[in-house]
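What follows is each chain in one-letter form.
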Amino acid sequence: MYLLWLRVAAVLYGLASVSALPAVLGDRPRWQRICLPVTIAGWIFHFVAFVEMLAAAHRLMPVGMHQVQATLSLLIVTAFLLIWLRYRTISFGVFALPLAFLMILVPAIGPDKYTFSSSLVRSGWIAIHVTLLLAAYAALIFSLLASLFYLAQERRLKNRQSGFLEWLPPLDTMDQIAKTTLILGFYCMTGGLLIGSLIAQEHMGAAYFLDPKVVLSFVMWVLYLVILFVRRSTGLRGRRAVYLSSAVFLLMLCVWAANLFSSVHRFTTQ
Amino acid sequence: MKLLLTGVNHKTAPVELREQLAISPERLSDATRALLAFPGVHEAMILSTCNRVEMLACHEASSPDLLGFLQSYLGIETTSLRPHTYEYRETDAVQHLFRVASSLDSMVIGEPQILGQVKESYTAARSVGAVQTHLEKLLQSTFTVAKKIRTETQIGSSAVSIASVAVDLAKKIFGSLEEKRVLLVGAGKMSELAARHLMQQGADTIFVTNRTHERAVRLAQNFQGHAVRFDDLYATADQADIIITSTGSQEHIFRREHGQQFLHKRRNRPMFFIDIAVPRDIDPEINRVDGVFLYDIDDLQSVAASHLDDRTREAQRAEVIIAEEVVRYQRRAQALNAAPMIVDLQNTAEEMRQAELRRAQARLQSLTPEQQAAVEALTRGLMNKFLHMPMQAIKAAALEADTVMLEVMRAAFNLPAVQEQGKPHVPAQPSAANAEEPVSIGDQRDRS
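Residue numbers restart at each chain and count upward from 1, following the sequence in its written direction. In the order they appear in the text, chains get letters beginning with A and ligands get numbers beginning with 1. With the structure being a predicted model, the display of local features is reserved for residues of pLDDT at least 70 and the display and counting of side-chain atom pairs for 80 or more, all residues being used for whole-chain, interface and lining totals.

**Considering the overall build of chain A**
Operational definition: Elements are defined by DSSP. Helices are runs of H or I of four residues or more, strands are runs of E of two residues or more, and each kind is numbered from the N terminus. For the exposure call, what matters is how many other C-beta atoms sit within 10 Å of a residue's own: 20 or more marks it buried, 12 or fewer exposed, and in between partly exposed, using C-beta atoms placed from the backbone. For every residue pair, C-beta atoms are placed from the backbone, and the pair is scored as a contact if these atoms sit within 7 Å.
Helix and strand counts for chain A come out as 8 helices and 0 strands. Listing each helix as α and each strand as β along chain A from the N terminus yields α-α-α-α-α-α-α-α. Within chain A, the proportion of its 270 residues that are buried is 44%. Sequence-distant contacts in chain A: of pairs separated by 6 or more residues, those separated by 24 or more amount to 82%.

Here it is in structure tokens:
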């Protein structure tokens, strides 16, 4: 049944993505009135699907890539809605909603054939580990988006262009969003890695920490810490902040991709 | 009931003439009452702003001499006035009113003040009983159309004056202007205006500096701000988020290295420089510093001009909406007017039937009550059958706003003329609260 709700959510996200274009780029209030309710409706269906999905097999966490994608998509839309609640801007919808749509699309087509078979992934602590890290990814995506918006808005204002990119939110709002999401992401990532490490220590010992994915994760965490420190101490904004956020984001993609080379983090065997 | 609108506006009459005709808000009710009492006027409203004076009147067959009213009320010679006035009747008057309220006829297209002024005029006219069925219907439609144009087009969405462009840009940088500090370097009308706008939008503190310190103190008092000695300018400038310069200096006051220095002290929090001086007070190179945004008078003017172009484009969309709304309004009015005409037609036919029955009464006396009832039903049935086609034709003509056809039908059936008919049924009106809702105060005023 959860597949049906997921499909409904996918359709709604698709509609929301389309309506976000005139709502944001054209600043049309009528489209804004369509975009938000459709997104909220999509989120509700998505949430119901998510709960049913986890409850179906008495699991507490997503197992398999499809379910992980669906969870990340849910987190992205949640972050988009939270930003709207706090800052009253839906500009992120232009990128966040299509991204959420694309992420939910594959899980919505059919059930995952390949699931993590390891019994290890069924523990509650792992669930927290995965959810926290996914939340950190979502926060990082938003931080990068906000930094890019900041850069575009800064360029626009410096070059005195009007008309095009008029829809971009104010610089200060972008800065606050980038900063808040970065800090939230850091907390989530620290928590996630800490729990992951403790579990790994218990089950596999020190060998686990030589795995490329695990090593890259810690490099990402250190770089993350550096960015936060630099931002805090110098009030870094604009171009340089985007470079730093992009670096962490690229590393994040590497970590994601490192699963292919990881021997211990794939959970395909018992 | 017919509609007549006469007036002058900024396009047809010079300001000297408009000044003479202007009616202050305090006198508006009194003037409307006087217009209502003028011969031939049944309902009336006066719209007086610094850009226009217009009189709207509902009248019967012969149109009232509204210029004559002006002559008697204001004591102005109308011979000189006549070439500057315009006159719209019926549909044209409706269209003109829609355009005025939607700010398509304003000096600055899309300015938000005019709708509020039309509402004030409406309120004044209603308070003296000058607005009844016809004008009520027309004005409620006018407010709806103006609101529709505000929401469906972007006619008023962008700033078109220098000061408001500066405010818009500041908001694009800082989001909210609350708790933002403004530094005014030098005094000038334009810079003061910009500062005033920023303060109105929530800017917190204002610093003023001038080469003549006394002048800075005076200006600071006006703004309830703080005067800063010119010598302390570079030491305090980093505390300001927005700096407006308008000195007569021949050399740049702020250069790139100043910008870098300020930004460093501010830990990269952005700064907005507005240079209104000619020759310029700020080296354009400062704009290259990350986090510093510089706009000079030309930049502000070009932003304002491009916004004005946007408004002109949106105005074309608004004109299409107005054309549709005028047709819709006319159709509704015509359809409503058909109802009393149909009633008249039925009454005339019924009178004829009764007359014929009375004439045949002597010959029908021998009939039994049942037979008499049958005759009654037969004549009524025939009458209804005969009336069905013309009634359908009247309804169709009213919907099509085909006034010629309606007149032909009226003449063919010898029905009473329009003004003799009862008042048309009035549809449920939007609430008065809706009509009197406040309009946002903008910067471009139709009224000076």
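**A few points about the environment of A:Met189**
Residue and element names in this part refer to chain A. Counting through the fold element by element, methionine 189 comes out in helix H6 (residues 171-203). For the pair methionine 189 and threonine 131, spaced 58 residues apart in the sequence, the C-alpha separation amounts to 9.8 Å. Contact partners of methionine 189, with chain neighbours within four places excluded, come to Leu133, Ala136, Trp221 and Tyr224.

**Side note on the sheet that holds strand E3 (residues 52-59) of chain B**
Residues and elements named next belong to chain B. We count it as follows: Any two strands with at least two DSSP bridges between them are considered paired. Here, axes are lines fitted to C-alpha atoms. For helices the fit covers the stretch in contact, and angles between N-to-C directions go from 0 to 180 degrees.
One open sheet accounts for 4 strands, arranged E2-E3-E1-E4; its pairing is antiparallel. The open sheet is flanked by strand E2 (41-48) and strand E4 (86-89), the only strands paired with a single partner. Adjacent strand axes in the sheet meet at a mean angle of 15° when their direction is disregarded. In the sheet, E2 pairs with E3 via 7 bridges, with the strands oriented antiparallel. Looking across to E3, one finds that isoleucine 46 is bridged to methionine 55.

**Focus on the pairing of strand E8 (residues 242-245) of chain B**
Residues and elements named next belong to chain B. Residues Ile242 and Ile244 point to one face of E8 and Ile243 and Thr245 to the other, with burial holding for every one of them. Where strand E5 (residues 181-185) lies against E8, 4 bridges are found, and the strand directions are parallel. Directly across from leucine 183, in E8, lies its bridge partner isoleucine 243. Where E8 lies against strand E9 (residues 271-275), 4 bridges are found, and the strand directions are parallel. What sits directly across from isoleucine 242, in E9, is phenylalanine 272.

**Concerning the packing of H6(A) against helix H7 (residues 212-234) of chain A**
Residue and element names in this part refer to chain A. The criterion, for reference: If you view the pair so one helix is near and one far, a crossing is left-handed when the near helix is turned anticlockwise from the far one by less than a right angle, and right-handed when it is turned clockwise. Residue polarity is assigned by list, with Asp, Glu, Lys and Arg as charged and Ala, Val, Leu, Ile, Met, Phe, Trp, Tyr, Cys and Pro as nonpolar; anything else, Gly included, falls into the polar class.
Packing of H6 against H7 leaves a shortest axis separation of 11 Å and a crossing angle of 145°. Crossing of H6 against H7: the hand is left-handed. On the side of H6, the interface is formed by Lys179, Leu182, Ile183, Phe186, Met189, Thr190 and Leu193, while H7 contributes Ser217, Trp221, Tyr224, Leu228 and Arg231. Grouping the amino acids of the contact of H6 with H7 by side-chain chemistry returns 8 nonpolar, 2 polar and 2 charged.

**Description of the sheet that holds strand E7 (residues 226-229) of chain B**
Strand-to-strand pairing in sheets goes through backbone hydrogen bonds, with the strands running parallel or antiparallel. Residue and element names in this part refer to chain B. On the basis of which strands lie adjacent, the open sheet formed by 6 strands has the order E7-E6-E5-E8-E9-E10 and parallel pairing. A strand with exactly one partner marks an edge of an open sheet, and here the two such strands are E7 and strand E10 (292-296). Averaged over neighbouring strand pairs, the angle between their axes works out to 20° when direction is ignored. Relative to E9, helix H7 (residues 162-174) is tilted by about 165°, and along the sheet it contacts E8, E9 and E10.

**Observations concerning the nonpolar core**
Our working definition: As used here, a nonpolar core is made of buried Ala, Val, Leu, Ile, Met, Phe, Trp, Tyr and Cys residues. They are joined through C-beta atoms within 7 Å.
Of all hydrophobic cores here, the largest spans 129 residues; its most connected members are A:Ile76, A:Ala138 and B:Phe273. Looking at which element gives the most residues to this core, the answer is helix H5 (residues 124-158) of chain A, with 19 residues. When residues no more than four places from it in sequence are discounted, the contact partners of B:Phe273 are B:Ile243, B:Phe254, B:Ile282, B:Ile286, B:Val292, B:Phe293 and B:Leu294. One finds B:Leu104, B:Ala125, B:Leu139 and B:Tyr329 within the second-largest nonpolar core, a separate group that totals 49 residues.

**Re the pairing of E7(B)**
All names here are of chain B. The condition is simple: Assignment of crossover handedness uses the view with strands pointing away from the viewer, where a clockwise path from the first strand over the helix to the second indicates a right-handed crossover.
By the bridge criterion, 4 bridges tie strand E6 (residues 205-210) to E7 in an arrangement that is parallel. What sits directly across from valine 208, in E7, is alanine 227. The β-α-β motif built from E6, the intervening helix H9 (residues 213-223) and the parallel element E7 has right-handed crossover chirality.

These values are about where atoms sit, not about what they do.
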